[in-house]
Amino acid sequence: MNYPERFGFTLAEVLITLAIIGVLATLSIPALVQKANEQTYNTGAKAAMANLSQAVMMIRAKNEGVLHVGANDSYSFANDFCNVMTCTEMSNTMTIFGANGTNYKYYKGDYSGWPNTTGDTAPAAKLNNGQYVKFQDKADCSNNNVNACAAVGIDINGAKGPNMHGYDFFLFWVTLNNGVYSIIPRGVPAGDGTSCVAGSSDGLKSQGCAYVRIYD
């Protein structure tokens, strides 16, 4: 009796195929995870800027056009912010960000030493979405080559790591140009003295990563 010829894979062939799949997965999955993380940080920076811009508009609407910036009055700015946004706690940077001297890392580098929360009494707040916000008003609105009136720092995931400029911590300016207040990210091409350079030991070269995340 003639039996029909059967086709199939040997055990060795199956094992070799699985090994190849395993190698490919080992090579590709970390890259996919990294790409997903990068997109998360990009989205977080854009959302932070949008929320700040919304807060500025709401503050001005509530205060008949007044925005308490450019007067060395960080707490008035912080109070106004929390009056229009959902702050679950407002205190100083040392209390909100942690009193243990938390240092934020350089972009893809070592610790930068700024912000260092030890003894930092600048106003800060926790938002209901878990973010931490730090406020720093300036004496006027003619600063940093962009007519900056104030600075705002946002940790988009609060107490969680990695606590790194350009990853979960971003810096923005409150600017005044031609009578219009705006939120712009640090690192703007106009030249605010900051940039975003991986692994640099210069803090100013990490403080400008917000622009890169949002626009590049």
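Quick summary incoming for the structure in this document. Position numbers for residues count from 1 along each chain, tracking the sequence in the order it is written. Owing to the predicted nature of the model, reporting of local features is limited to residues with pLDDT of at least 70; listing and counting of side-chain atom pairs is limited to 80 or more, with chain, interface and lining totals taken over all residues. Based on all heavy atoms of the structure, the side-chain values leave hydrogens and waters out of the count.

Notes on the overall build of the protein
- For helices the rule is a DSSP run of H or I covering at least 4 residues; for strands it is a run of E covering at least 2, with both sets numbered from the N terminus onward. On a plain count of helices and strands, the protein comes out with four helices and eight strands.
- Its helices and strands taken in sequence order, the protein reads α-α-β-α-β-β-β-β-β-β-β-α from the N to the C terminus.
- Burial status across the protein gives 43% buried among its 216 residues.
- Residue pairs in contact within the protein that sit at least 24 positions apart in sequence constitute 57% of those at least 6 positions apart.
- For the protein, the accessible area works out to roughly 11500 Å², and carbon and sulfur atoms hold 55% of it. Any residue under 20% of the maximum accessible area for its type is buried, any over 50% is exposed, and the rest in between are partly exposed; the area is computed with a 1.4 Å probe on protein chains only. Any two residues having at least one pair of non-hydrogen atoms within 4.5 Å are treated as being in contact. For accessible areas, the Shrake-Rupley method is used with a probe of radius 1.4 Å. Any residue's cover is judged against the shown protein chains and nothing else.

Overview of the pairing of strand S7 (residues 169-177)
- Counting buried positions over the nine residues of S7 gives seven, a clear majority of the element.
- Whether two strands pair depends on DSSP finding at least two bridges between them. Note that S7 and strand S8 (residues 180-185) share six bridges and pair antiparallel. Counted as the bridge partner of Val174 is Ile183 from S8.
- The loop that links S7 with its antiparallel partner S8 comprises two residues; one of these, Asn178, has a positive phi angle of about 55°.

A few points about the pairing of strand S3 (residues 111-116)
- By the bridge criterion, two bridges tie strand S2 (residues 103-105) to S3 in an arrangement that is antiparallel. Bridge pairing links Lys105 to Tyr111 in S3.
- Counting the residues between successive antiparallel strands, the hairpin from S2 to S3 contains five residues, one of them, Lys108, with a positive phi of roughly 55°.

Remarks on the sheet that holds S8
- One open sheet accounts for six strands, arranged S1-S4-S5-S6-S7-S8; its pairing is antiparallel. Looking along the sheet, the strands with just one partner apiece sit at the ends: strand S1 (87-92) and S8. Between one strand axis and the next, the sheet turns through 20° on average, direction left out of account.
- Only the contacting stretch of a helix is used when fitting its axis, a line to C-alpha atoms as for every element, and angles between N-to-C directions run 0 to 180 degrees. Helix H2 (residues 74-84) rests against S1, strand S4 (123-127), strand S5 (132-137), strand S6 (148-155) and S7 of the sheet, and its axis sits at about 175° to S1.

Some details on the side chain of Ser206
- On the secondary structure map, Ser206 appears in the loop between S8 and helix H4 (209-215).
- When its relative accessible area of 1% is taken as the criterion, Ser206 is described as buried.
- Contacts of Ser206, omitting those with residues within four sequence positions, involve Tyr106, Tyr107, His165 and Ser195.

Considering the pattern of salt bridges
- Whenever Lys or Arg places a side-chain nitrogen within 4 Å of a carboxyl oxygen from Asp or Glu, that contact is recorded as a salt bridge. Counted according to the given criterion, the structure contains two salt bridges.
- Residue Asp120 is joined to Lys134 by a salt bridge in which the shortest nitrogen-to-oxygen separation is 2.7 Å. You can see Asp120 sitting in the loop between S3 and S4 and its partner Lys134 sitting in strand S5, a full 14 residues away along the chain.

Considerations on the state of the cysteines
- Criterion for a disulfide: a pair of cysteine sulfur atoms at a distance within 2.5 Å. Tallied over the entire structure, the rule returns three disulfides.
- Residue Cys82 pairs covalently with Cys87 via a disulfide, S to S 2.2 Å. Taking the sign of the torsion about the S-S bond as the criterion, the disulfide between Cys82 and Cys87, at about -85°, is left-handed.
- Each sulfur in the disulfide pair Cys196 and Cys209 lies 2.1 Å from the other. With the S-S bond torsion at 90°, the cross-link from Cys196 to Cys209 turns out right-handed. Highlighted residues: Cys196 in the loop between S8 and H4 and Cys209 in helix H4, separated in sequence by 13 residues.

Quick notes on the nonpolar core
- Among buried residues, the Ala, Val, Leu, Ile, Met, Phe, Trp, Tyr and Cys ones that are joined through side-chain atoms within 4.5 Å form a nonpolar core. Phe77, Phe81, Phe172 and Val174 are the most contacted members of the largest nonpolar core, which has 37 residues in total.
- Mapped by element, the contributors of at least two residues to this core are helix H1 (11-62), H2, S4, S5, S6, S7, S8 and H4.
- Discounting chain neighbours no more than four positions away, the residues touching Phe77 are Ile59, Leu67, His68, Val69, Phe135, Ala150, Val152 and Val174.

Looking at the packing of aromatic side chains
- Two rings from Phe, Tyr or Trp (for Trp, the six-membered ring) form a pair when their centres are within 6.5 Å of each other. A pair whose planes differ by under 30 degrees is stacked, one over 60 is edge-to-face, and the rest are tilted. For the structure shown, the criterion picks out nine aromatic pairs.
- Relative to Phe169, the ring of Tyr104 lies with its centre 4.7 Å away and its plane at 40°, an arrangement referred to as tilted. Within this pair, whereas Tyr104 is found in strand S2, its partner Phe169 is found in strand S7, the two being separated by 65 residues in sequence.
- Ring geometry for Tyr107 and Tyr167: centres 5.9 Å apart, planes at 65°, overall edge-to-face. Of the two residues, Tyr107 sits in the loop between S2 and S3 while Tyr167 sits in the loop between S6 and S7, which places them 60 residues apart along the sequence.

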